[in-house]
Amino acid sequence: MNDVKVHGLKTFFHTREGVVKAVNDINFTIPSGEVVGLVGESGSGKSVTCHSLLQLLPTPPAKVEGGEIIFQGEDLLRASDQKMRTLRGKSISMIFQDPMSCLNPYMTVIEQVAEPLLIHGMVSQDKAKEEAMDMLLRVGVDKIKDRMNAYPHEFSGGMRQRAMIAMALITKPDLLLADEPTTALDVTVQAKILKLLKQLCAEIGSSILFVSHDLGVVAEIADRVVVMYRGKVVEQNTTQELFRSPTHPYVKALIACRPTFEGNFEILPTVEDFMESQSYIPQKKKLKEQSNPITEKDKNWLKVEELSVHFQQANHGKTVKAVDRVTLSIPKGKTLGIVGESGSGKTTLGRAILRLTPITSGKVRWQDQDIALDKENGLMNFRKKMQIIFQDPYASLNPRLTIEQTLLEPMLVHKIGGNHKERLDRVVSLLEEVGLESSHLRRYPHEFSGGQRQRICVARALSTEPEFIVCDECVSAMDVSVQAQVLNLLHQLQKARNLTYLFISHDLCVVKHIADEIAVMRAGQIEEFGKAENICLNPQTSYTQELMDSIPRTSITGTF
Amino acid sequence: MTRFAPGGPFDSDKAIPDEIKIKLQSHFGLNLPLFDQYLLYMKNLLAGDLGPSFKYVGWDVSELISLAFPVSLSLGISALLIALLIGLPAGMLAALRKNTLWDYLPMGIAMVGVCLPSFVLGPILIMVFATELKWLPALGWYSWTDLILPSLTLGLFYAAYVARLTRAGMLETLKQDYIRTARAKGASPSRVILRHAIRGGLLPVVTYLGPAFAGLVSGSFIIESIFFIPGLGKFFVTAAFNRDYTVVLGTVLFYATLIIILNLFVDFLQAWLDPKAREQQ
């Protein structure tokens, strides 16, 4: 009886460029007490659906054009503002993606957790604070007694998200809307939060609408899955059925293009493959072919010895050992994956190897030449051979430079190409190599999609003809379908140009897919180092084991 | 810098006999080398002595400042009150009724207010309220009614600026994710604004208030000239014209101290408003 029914919901955005049909006639039901996963890539309309339920969208430009959302016998889309306010936070709560920006930085955490109780006049001020403390304890915020006056910025990301959950559940809502609640978190934290969420909601008896881009996470928590694509629901079923026998090509593609832990594709299938031919079946191919043996010379092509990077913390004078006596080596033409959670020092390590961060002590040997001690001006030649691709292709391209300028600049710096014409030719061929066209040259970064931008970043890295590329979380911000394309591109380039990669990521599945060897980092040190297969199949340390266990896994094997 | 300007404190239209001039210069120590004069000045300064005025015979610089500053202070405070009383509500209104008449009207007026120089606004106000309507006195510094027109002239400019800052700050804050969170909790619009948005929204205004207040109380030469007010601004500019070195130097030092103190005060205020800034200190 208390099912939530979404029927024919249409939410459009009226922008200057025309009408964007963000959500276009969708139907689904959230059965009472169940968890429904709403899955889709960015722009598929999943968040808009979620916000439409609570009518939190900014109007204009957003406008609900039709349909109904039946909640406890009433149509939410026709409810008055007054009525909606009594429902929000009391009967329907919401958890947002980014717990930093979604908590008020000017109010203490306790105040914010208690606030829904006060808004809805459920208890007195003192009682509300007491209940907030109880709730925070239940969600696992430790030492809450000492943190009575703590503000959100004094909490870690995981703790903030716990506080957010406490805030949403304190009124014991009938329906919880969770919009990408674990996307910003480390896998180990994510696993704990998912468990907690499911357990608490079962206790309270809330239904959950769980919005995520990650099928793996949804498979972990949801009873039913609704898949959205371009504003439409393309498939919905019970989680078991959906993974066992997906019918829509897009859903098949989503399941297939994510590198899995058991992964066995050398080239990942992409959404295009599935959409173009209905009967596309990805080829099963062993990921690691037996490659030619590495010569002794190539084996220690890049060698890092006892590398340390320490930072002095500004206000406390405390030394942070971001990287602490790390030793590793990368053979030429191979990929070393570095896995670790946020703060483990993996990015600092990558930057230190490139001398983008001052090295405290240790050696970086590149073809038997110690580059850790080189003076800045002696680095020129080596900078040319070593490049980096950053995580965020939005922030790492200069918005005021055209693609042509962006790609020409490294060549000018390193005096590559005799004249402008020669360089331009190279730019065009680079663009083609990464799958873009020469007609893109005059455009600015904002005119491209995220995946295209990352391709531009790859082209920029390639423009100096490097031998070594550090990929710093370079696919982390991407949708799985785009991620598959970029991973395929990197793989293809490595083969064609005999490139060596240092691939940094928090995502063990992605690293396992692309890397030959893996180093697991924790608190600035290498926890475990070895062949990718060995690390994954037979982890030696408990930390690696924990990382492994935290990966949301589609335990139900698909049809392929 | 005034030392490099041609002329000296004792030059005037009427020629002073050289004898007297030399005597005067040695009396004030002006015959010493510049560096020695500097040392002497610094020594006296450490003892809290800003030195005597060259032009106003028998007056110390500190005495002059203590006479002129209260005038500028009362003018500044009333102008600030006007700026806040008009600027804050206008900015809030504009932010909350964005892109309606209630946004365009106050913001249009504020735009004019920022652009309109005080030497235009001042005479206009005098013309309307003193000459035509005869409600208020035009010039002078005798009773509290004399305060109204100059502080309006001074305050309206700052009101316009505060209104624009308030609007921008509030709009920026209302866009934040935590405002959406507050709405998702079922908070009413007034609670969203008063409990969640106002602190973040007013931070830019608070930051601006420090320098603004310093500027206000240190007096505005133009306004004090238009309305014939014996304030610090007028006093300072006159001293510069007269090559009254000690007075110029003393006033500059006084301004600088004032600005430092006010900025410090604003920093504390900010820390009180913003828990993150608190930690950085």
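As the structure is a computational prediction, the values presented were derived from the model and not from experiment.

Draft legend 1. The overall build of chain A, seen in detail. Helix and strand content of chain A: 20 helices and 20 strands. Its C-alpha atoms give chain A a radius of gyration of 25 Å, near enough to 24 Å, the size a compact globule of 560 residues would have. C-alpha atoms of chain A, sized along the principal axes, occupy 70 × 55 × 45 Å. In chain A, which comprises 560 residues, the proportion classed as buried is 54%. Accessible surface for chain A amounts to roughly 24400 Å². Of this, 47% is attributable to carbon and sulfur atoms.

Draft legend 2. Broad picture of a nonpolar patch on the surface. The grouping of Phe119, Val120, Ile124, Met127, Val128, Leu133, Trp135, Phe221 and Ile222 of chain B at the surface amounts to a nonpolar patch, some 820 Å² of accessible area in total. Examined against the element boundaries, Phe119 of chain B turns out to sit in helix α5 (residues 118–132).

Draft legend 3. A look at the packing of helix α6 (residues 145–174) of chain B against helix α8 (residues 189–217) of chain B. Residue and element names in this part refer to chain B. In the contact formed by α6 and α8, the axes pass within 8 Å of each other and the chain directions differ by 150 degrees. Here α6 is positioned roughly antiparallel relative to α8, judged by the angle of their axes. With respect to the hand of their crossing, α6 and α8 are arranged in right-handed fashion. Mapping the contact onto sequence places Leu154, Tyr158, Tyr161, Val162, Leu165, Thr166, Gly169, Met170, Thr173 and Leu174 in α6 and Ile193, Ala197, Ile198, Gly200, Gly201, Leu202, Pro204, Val205, Tyr208, Ala212, Gly215 and Leu216 in α8. Among the residues making up the contact of α6 with α8, the classes are represented as 16 nonpolar, six polar and no charged.

Draft legend 4. Main features of the pairing of strand β1 (residues 4–15) of chain A. All names here are of chain A. Relative to strand β2 (residues 18–30), β1 is paired through nine bridges, and the arrangement is antiparallel. Residue pairing in the sheet places Thr15 in a bridge with Gly18 of β2. The sheet contact formed by β1 and strand β4 (residues 62–71) spans seven bridges and is antiparallel. For Thr11, the partnering residue across the bridge sits in β4 and is Val64.

Draft legend 5. Up close: helix α17 (residues 480–497) of chain A. Helix length check: α17 of chain A (18 residues) gives 25 Å between terminal C-alpha atoms against 26 Å at 1.5 Å per residue, within 8%. Inspection of α17 of chain A places Val480, Ser481, Gln483, Ala484, Val486, Leu487, Asn488, Leu489, Leu490, His491, Leu493 and Gln494 of chain A among the buried residues, and these make up the whole buried set.

Draft legend 6. Local environment of the interface of chain B and chain A. In this complex, chain B contributes 23 residues to the contact, which on the side of chain A involves 30 residues. Summed over both partners, the interface of chain B with chain A buries about 2400 Å², with 55% contributed by carbon and sulfur atoms. Taken together, the connections running from chain B to chain A amount to three salt bridges. As a salt-bridge pair, Arg195 of chain B and Glu111 of chain A come within 3.3 Å of each other at their nearest N and O atoms. Connecting chain B to chain A are 13 residue pairs in polar contact (both at pLDDT 80 or more). Looking at the side of chain B that touches chain A, the elements with two or more residues in it are α7 (177–184), α8 and α12 (275–280) of chain B. When the residues that make up the side of chain B that touches chain A are grouped by side-chain class, the tally is seven nonpolar, five polar and 11 charged.

Draft legend 7. Spotlight on the sheet that holds strand β20 (residues 525–531) of chain A. All names here are of chain A. Taken in spatial order, the six strands make up an open sheet running β16-β17-β18-β13-β19-β20, and their pairing is mixed. In this open sheet, the two edge strands, each paired with only one partner strand, are β16 (386–389) and β20. Shown here is a sheet whose adjacent strand axes are inclined to one another by a mean of 15 degrees, direction ignored. Looking at chain direction, β16 and strand β17 (residues 468–472) are connected through four bridges and run parallel. Bridged to Met386 within β17 is Phe468. This element, helix α12 (residues 346–353), spans β13 (335–339), β17, β18 (500–505) and β19 (517–522) of the sheet and lies at about 155 degrees to β18. Lying over the sheet, helix α16 (residues 450–462) contacts β16 and β17, oriented at roughly 170 degrees with respect to β16.

Draft legend 8. View of the nonpolar core. Among the nonpolar cores identified, the biggest contains 148 residues, and Leu136, Leu177, Phe210, Ile389, Leu490, Phe503 and Ile518 of chain A are the most heavily contacted of them. Counting residues in hydrophobic clusters, the runner-up holds 42 residues, among them Leu154, Phe213, Ile226 and Phe235 of chain B.

Draft legend 9. Just unusual backbone geometry, in detail. For Glu306 of chain A, which is not glycine, the phi dihedral falls at a positive 50 degrees. Examined against the element boundaries, Glu306 of chain A turns out to sit in strand β11 (residues 302–312).

Draft legend 10. Molecular detail of the state of the cysteines. Under the counting rule described, the total for this entry stands at zero disulfides over all chains. For the unlinked cysteine Cys509 of chain A, the closest cysteine sulfur is that of Cys536 of chain A, found at 8.2 Å.

Draft legend 11. Fine view of empty space enclosed by the protein. For the structure shown, the criterion picks out three cavities of 30 Å³ or more. In this structure, the second largest cavity encloses a volume near 60 Å³. Forming the walls of the second largest cavity are Gly89, Ser93, Met94, Pro116, Met167 and Ala168 of chain A together with Thr181, Ala184 and Lys185 of chain B. Taken together, the elements giving at least two residues each to the lining of the second largest cavity come down to β6 (92–95) and α5 (157–169) of chain A together with α7 of chain B. Across the lining of the second largest cavity, the residue classes tally to five nonpolar, three polar and one charged.

Draft legend 12. Just the sheet that holds strand β5 (residues 74–75) of chain A, in detail. All names here are of chain A. Read from one edge to the other, the open sheet built from four strands follows the order β2-β1-β4-β5, with strand pairing classed as antiparallel. With one partner strand each, in any of the chains shown, β2 and β5 form the two edges of the open sheet. Here β4 runs beside β5; their pairing, made up of two bridges, is antiparallel. Within β5, the position partnered with Phe71 by the bridge is Glu74. Strand contacts of helix α1 (residues 46–54): β1, β2 and β4, with the helix running at about 110 degrees to β1, the strand carrying the most contacts.

Draft legend 13. Up close: the pairing of strand β14 (residues 361–366) of chain A. Residue and element names in this part refer to chain A. Note that β11 and β14 share five bridges and pair antiparallel. Bridging across to β14, Leu302 finds its partner in Trp366. Looking at chain direction, β14 and strand β15 (residues 369–370) are connected through two bridges and run antiparallel. Residue pairing across strands places Trp366 opposite Gln369, the latter belonging to β15. Here β14 folds back onto β15 in antiparallel fashion, the turn holding two residues, of which Gln367 has a positive phi close to 50 degrees.

Draft legend 14. A look at α16 of chain A. Residue and element names in this part refer to chain A. Look at α16: 18 Å from first C-alpha to last across 13 residues, which is about the 18 Å you get at 1.5 Å a residue. Taken together, the buried positions of α16 are Gly450, Gly451, Arg453, Gln454, Arg455, Ile456, Cys457, Val458, Ala459, Arg460, Ala461 and Leu462. If you follow the buried residues of α16, they end up packed against β16, α14 (403–413), α15 (420–433), β17 and α17.

Draft legend 15. The arrangement of the pattern of salt bridges in detail. Residues and elements named next belong to chain A. Going through the model one piece at a time under the given rule, you end up with 21 salt bridges over all chains. Between Lys421 and Asp425 there is a salt bridge whose closest N-O contact spans 3.1 Å. Of this pair, Lys421 and Asp425 both sit in helix α15, four residues apart, which is roughly one turn of that helix. Taking relative accessible area as the criterion, Asp425 reaches 43% and is therefore assigned partly exposed.

How each quantity is defined
Residues numbered from 1 in each chain as written. Chains lettered and ligands numbered in written order. Predicted model: local features only at pLDDT ≥ 70, side-chain atom pairs only at ≥ 80, totals over all residues. Heavy atoms only, no water. Helix = DSSP H or I, 4+ residues; strand = E, 2+ residues; numbered from the N terminus. Rg over C-alpha atoms; globule rule 2.2 N^0.38 Å. Buried < 20%, exposed > 50% of the residue type's maximum accessible area, 1.4 Å probe, protein only. Areas by Shrake-Rupley, 256 points an atom, 1.4 Å probe, with all protein chains shown as cover. Patch = residues over 30% accessible without salt bridge, like charges linked within 9 Å, V, L, I, M, F, W, Y side chains within 5 Å. Salt bridge = Lys/Arg side-chain N within 4 Å of Asp/Glu carboxyl O. Axes fitted to C-alpha atoms, helices over the stretch in contact; angles between N-to-C directions. Parallel < 35°, antiparallel > 145°, perpendicular 65-115°, else oblique. Left-handed = near helix turned anticlockwise from the far one by under 90°. Contact = heavy atoms within 4.5 Å. Nonpolar A, V, L, I, M, F, W, Y, C, P; charged D, E, K, R; others polar. Pairing = 2+ DSSP bridges. Expected span 1.5 Å × (residues − 1). Buried area = accessible area lost by both parts, 1.4 Å probe. Polar contact = N/O pair within 3.5 Å; in protein donor to acceptor, adjacent residues only side chain to side chain. Core = buried A, V, L, I, M, F, W, Y, C linked by side-chain atoms within 4.5 Å. Disulfide = S-S within 2.5 Å. 1 Å grid on protein atoms, 1.4 Å probe; cavity = no way out; pocket = protein on both sides within 12 Å on 5 of 7 lines; lining within 4 Å. Points joined across faces, edges and corners; volume = space filled by probe spheres on them.

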